[in-house]
Amino acid sequence: MKPLLPLFVFIDACGWEIIKNDPFAHEFAVHRKRLTSVFGYSSACVPSILSGRWPVEHRNWCYFVYDPKNSPFKTLRPLRWLPSQLTNRRIFRRVLSRFIKKRLNFKGYFDLYNMPFRDICLYDFSEKRSPLQPGGMNRGSNIFDFLLQRQIPYHVSSPQRNEEANLTALMSDISAESIDFAFLYWPDLDGLLHRVGNDSPQIPAKLRAYESSLGRLMNVARQHYENVRLYIFSDHGMANCDELLDLRAKIDALPLKATRDYAVTYDSTMARFWFFHEDARRQITAALQQVPQGRILPETELEDLGTLFTDRYFGELIFLVKEGVLIVPSHMGQRPIRAMHGYHPSEPQSYAALCTNQPELPEEIQAIPDIFNLMTRDAVLAHEKNAPLATAAVAA
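This write-up is about the structure you can find in this document. The model shown is predicted, which means the values in this text are computed figures rather than measured ones.

Sheet strands pair via backbone hydrogen bonds, and the direction of the pair is either parallel or antiparallel. Pairing in this open sheet of six strands is mixed, and the strands run S2-S16-S7-S1-S6-S5 from one edge to the other. The open sheet has two free edges, formed respectively by strand S2 (31-35) and strand S5 (154-156), since each of these has just one partner strand. On average, each strand axis in the sheet is tilted by 15° relative to the strand beside it, whichever way the strands run. Pairing of strand S7 (residues 225-233) with strand S16 (residues 352-356), which is carried by three bridges, proceeds in the antiparallel orientation. Counted as the bridge partner of phenylalanine 233 is leucine 354 from S16.

If you want it as structure tokens, here you go:
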């Protein structure tokens, strides 16, 4: 039996508002804390957790960026001639995304979403590497680089496996007592919340299923490690979408032409613009100022949020909608979904959660990038405590 295992369980979208009135995981992790999230989507939140830095530092923020010179999608432009009844179908996009990901050797998450084939050759995709692997950040290192450099044996979930398969793989490594650090990633709650919303009875049912899996995991861990430091955490929450906004129609009504006068990415909760001349900037800014469902984020606020990029790589102007508003149609989807995240971090449903069996958390653990400090601290401590046993096993 080894002395210590830090066990970090990441449940995507299990936000503070989701669990604050639910007894989720009280049996295993009675201590709770609300954490501030990162402005952006999982493409920003997950790298921030894994690196301990903000998007402006690691340069993982939104997926699609206007960058014609470096676009890897030029061969997709002929698909614009296919009927929209085919190219707008989710199954078509999903299958094509898998093919493109393999062909371009992308290692991270990749999806074409609803990007128009007419214009996709003007855009690049920002997550070509996997943040769940060493060397997976756009800039700087992550927790797995940290572990590798210090030769700390670890387990991390594989995105190619489902939740049960990742749980089984982790319990196998724990049973073998071969690791000093574990990172388990469960993404399914996020997809469920998108489909049914945060007030569906399916959400508490999913939490109960997670508790069952956590019970199995902890039973195995306690058989092989004297002390299991359990941390269950999320990246953000999820807000129900009760108002739809066709922002593209408002911009298309202007006497401007996309790709000639400006470029834009319509995400689910924000629109990011690049301007080719000042008149386009003026007209679009004026139009957005008349949209009551959202606002243009000033640069001072973007800087405070850790998302003001000096080269404006992810957009020169960022328009963000209020919580509960969904931009649709967008480049993320043609049809509405029940719930979404990616709103301002100060919105109620944006806050993340941290649950632990550790009675004392450092006061500086306030936002999701701070989880990195917990991971590095406990990984080093576990490796130091477990090292004598590993040395003895080798000698034997």
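With that out of the way, let us pick up the pairing of strand S1 (residues 2-11). With respect to burial, S1 is a largely interior element, nine of its ten residues being buried. The sheet contact formed by S1 and S7 spans eight bridges and is parallel. Bridged to lysine 2 within S7 is tyrosine 225. In this sheet, strand S6 (residues 181-186) lies alongside S1 in parallel orientation, the contact comprising five bridges. Following the sheet pairing, phenylalanine 8 is matched in S6 by phenylalanine 183.

Let us now look at the state of the cysteines. Counted under the stated rule, the structure contains zero disulfides. With no disulfide partner, cysteine 62 has as its closest neighbouring cysteine sulfur the one in cysteine 45, 10 Å distant. Cysteine 62 sits in the buried class, given a relative accessible area of 1%.

The subject of this paragraph is the pairing of S6. Burial runs high along S6: six of the six residues are buried. Neither face of S6 is exposed, since Phe181, Phe183 and Tyr185 on one face and Ala182, Leu184 and Trp186 on the opposite face are all buried. Where S5 meets S6, three bridges bridge the pair, whose relative direction is parallel. Considered in S6, the bridge of valine 156 is made with phenylalanine 183. Considered for its hand, the β-α-β crossover made up of S5, helix H7 (residues 163-175) and S6 is right-handed.

With that settled, the discussion passes to the packing of H7 against helix H9 (residues 202-224). Where H7 contacts H9, the two axes come as close as 9 Å, and the packing angle between them is 15°. On the basis of their axis angle, the class for H7 and H9 is roughly parallel. Of the two possible hands of crossing, H7 and H9 adopt the one that is right-handed. Packed against H7, whose contacting residues are Glu163, Glu164, Leu167, Leu170, Met171, Ile174 and Ser175, the element H9 presents Lys206, Tyr210, Ser213, Arg216, Leu217, Val220, Ala221 and His224 at the interface. Broken down by class, the residue content of the contact of H7 with H9 amounts to eight nonpolar, three polar and four charged.

What follows deals with empty space enclosed by the protein. Here the idea is plain: a probe the size of a water molecule rolls over the atoms and shows the empty space left. Under the definition given, this model contains two cavities of 30 Å³ or more. Put simply, the largest cavity is a space of about 40 Å³. Together, Ser37, Val38, Gly40, Cys45, His236, His341, Gly342, Tyr343 and Ser350 line the largest cavity. When grouped by side-chain class, the residues that make up the lining of the largest cavity number three nonpolar, six polar and no charged. Considered as a void within the structure, the second largest cavity measures approximately 30 Å³ in volume.

Conventions adopted
- Residues numbered from 1 in each chain as written.
- Predicted model: local features only at pLDDT ≥ 70, side-chain atom pairs only at ≥ 80, totals over all residues.
- Heavy atoms only, no water.
- Pairing = 2+ DSSP bridges.
- Helix = DSSP H or I, 4+ residues; strand = E, 2+ residues; numbered from the N terminus.
- Axes fitted to C-alpha atoms, helices over the stretch in contact; angles between N-to-C directions.
- Buried < 20%, exposed > 50% of the residue type's maximum accessible area, 1.4 Å probe, protein only.
- Disulfide = S-S within 2.5 Å.
- Right-handed = clockwise from strand over helix to strand, strands pointing away.
- Parallel < 35°, antiparallel > 145°, perpendicular 65-115°, else oblique.
- Left-handed = near helix turned anticlockwise from the far one by under 90°.
- Contact = heavy atoms within 4.5 Å.
- Nonpolar A, V, L, I, M, F, W, Y, C, P; charged D, E, K, R; others polar.
- 1 Å grid on protein atoms, 1.4 Å probe; cavity = no way out; pocket = protein on both sides within 12 Å on 5 of 7 lines; lining within 4 Å.
- Points joined across faces, edges and corners; volume = space filled by probe spheres on them.

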